[in-house]
Amino acid sequence: RAPKWVSQRVIDAFVEKHGSWIKKHQDNAHTKKILPKQFIDGELFMFLGEYYPVYRQKNVHTSVMLKDGRFILDSAIVEAKKSFEQWYRAEAQKILIQKTFDLANRYGFTYNAVRITGARTRWGSCSSKRNINLSWRLITAPSEVIEYVIIHELVHLLHMNHSPDFWREVALLCPEYMHHKQWLRHNTRQIVSLLE
C-alpha cells in the first residue's frame, strides 16, 4: 500500500531497494501456512487468548464444552466445525455483550444495542444508530484485547472517524491500545481461519 500522492516511480524504487526483504517475508508467510482443522484429539483451539486441546469423548451432554483445561467434543458429532462455531458464538453472545455493558457503564457511554456478527475482516463496528457490532471470532482473543476493541467501538459514539481526537480518547481509556492492536494484527490470520 502507498498513499495516492506517491508516484509509481517512487513505489517502484522502494520495492527494488527493499526487494530481498519483501521476498524473505513473503516466503516466511507462505511457509507458515495454517492447516485445516481436523477436530482430532490433542488439536489446539483458542479461547480468550489461551490454547486448549480437544478430546473426543462418548456420551457428552452437549456437543462441545470447555472443562478442566480442554475442549470436550462428543465423539458422535459428525459436524464438529458447526458445533464448535455454535459454541464460540454462544460464548461470544454472553461474554462480549456483558463486557460491552460493563465498559460502557464504567466510562459513561450510552449505546443502543450490541450485535454479534460473523464478520471475518472487521473485529467490530459502530453504526450511526449507536449500535455496536462485534465479530464472534473476537472471543478467541485475550480479555484485554477484547476490551480494547470494545472501547474502540464505544469511542466511535463520540467520534465517528479515526481522527487525532478519536485516538486520544482511546489512549485515555486504554493506554496499552497499541499493544492490543499489534496482537490482533499478528494473530488475524490464525483467528480468521480458526475453523477452516
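Quick summary incoming for the structure in this document.

Rules of the game
- Residues numbered from 1 in each chain as written.
- Predicted model: local features only at pLDDT ≥ 70, side-chain atom pairs only at ≥ 80, totals over all residues.
- Heavy atoms only, no water.
- Helix = DSSP H or I, 4+ residues; strand = E, 2+ residues; numbered from the N terminus.
- Areas by Shrake-Rupley, 256 points an atom, 1.4 Å probe, with all protein chains shown as cover.
- Lys, Arg positive; Asp, Glu negative; His and termini not counted.
- Charge placed at Lys NZ, Arg CZ, Asp CG, Glu CD.
- Pairing = 2+ DSSP bridges.
- Axes fitted to C-alpha atoms, helices over the stretch in contact; angles between N-to-C directions.
- Contact = heavy atoms within 4.5 Å.
- Parallel < 35°, antiparallel > 145°, perpendicular 65-115°, else oblique.
- Left-handed = near helix turned anticlockwise from the far one by under 90°.
- Nonpolar A, V, L, I, M, F, W, Y, C, P; charged D, E, K, R; others polar.
- Buried < 20%, exposed > 50% of the residue type's maximum accessible area, 1.4 Å probe, protein only.
- Expected span 1.5 Å × (residues − 1).
- Bend = angle between axes of the 7 residues up to and from the residue.

1. What about the overall build of the protein chain?
Secondary structure assignment for the protein chain yields 6 helices and 7 strands. Each principal axis of the C-alpha distribution contributes one length, and for the protein chain these read about 65 × 50 × 25 Å. Here the protein chain has roughly 12,500 Å² of accessible surface; of this, 53% comes from carbon and sulfur atoms. Put simply, the protein chain has 29 plus and 19 minus side-chain charges, and the middle of one group is 5 Å from the middle of the other.

2. Focus: the sheet that holds strand E6 (residues 124-126)
Each strand in a sheet pairs with another by means of backbone hydrogen bonds, the pair being arranged parallel or else antiparallel. Read from one edge of the open sheet, 3 strands run E5-E7-E6, paired in mixed fashion. For this open sheet the edge positions go to strand E5 (113-117) and E6, each flanked by a neighbour on one side alone. Averaged over all adjacent pairs, the angle separating strand axes in this sheet is 15°, with direction ignored. Where E6 lies against strand E7 (residues 131-135), 3 bridges are found, and the strand directions are antiparallel. Among the inter-strand pairings, Ser125 is bridged to a residue of E7, identified as Asn133. On the sheet, helix H3 (residues 80-107) packs against E5 and E7 and is oriented at approximately 150° with respect to E5. This element, helix H4 (residues 143-155), spans E6 and E7 of the sheet and lies at about 155° to E7.

3. Overview of the packing of H4 against helix H5 (residues 164-173)
Packing of H4 against H5 brings their axes to within 10 Å, and their N-to-C directions diverge by 140°. Considering the angle they form, H4 stands oblique to H5. The crossing of H4 and H5 is right-handed. Seen from H4, the contacting residues are Tyr148, Ile151, His152 and Val155; seen from H5, they are Phe166, Trp167, Glu169, Val170 and Leu173. For the contact of H4 with H5, the residue count by class is 7 nonpolar, 1 polar and 1 charged.

4. Description of the environment of Val114
Mapping Val114 onto the fold places it in strand E5. Judged by its relative accessible area of 15%, Val114 falls in the buried class. In sequence terms Val114 and Phe47 are 67 residues apart; their C-alpha atoms lie 20 Å from each other. In this structure, Val114 is in contact with Ile97, Thr100, Ile132 and Leu134, ignoring residues within four places of it in sequence.

5. As for H3
Counted at 1.5 Å a residue, the expected span for H3 with its 28 residues is 40 Å, and the 39 Å between its end C-alpha atoms agrees. If you look at H3, its biggest bend is around 25°, right at Ala92. Every buried residue of H3 is listed here: Ala80, Ser83, Phe84, Trp87, Tyr88, Glu91, Ala92, Leu96, Lys99, Thr100, Leu103 and Ala104. Gly108 sits one or two residues past H3 and shows a positive phi near 80°.

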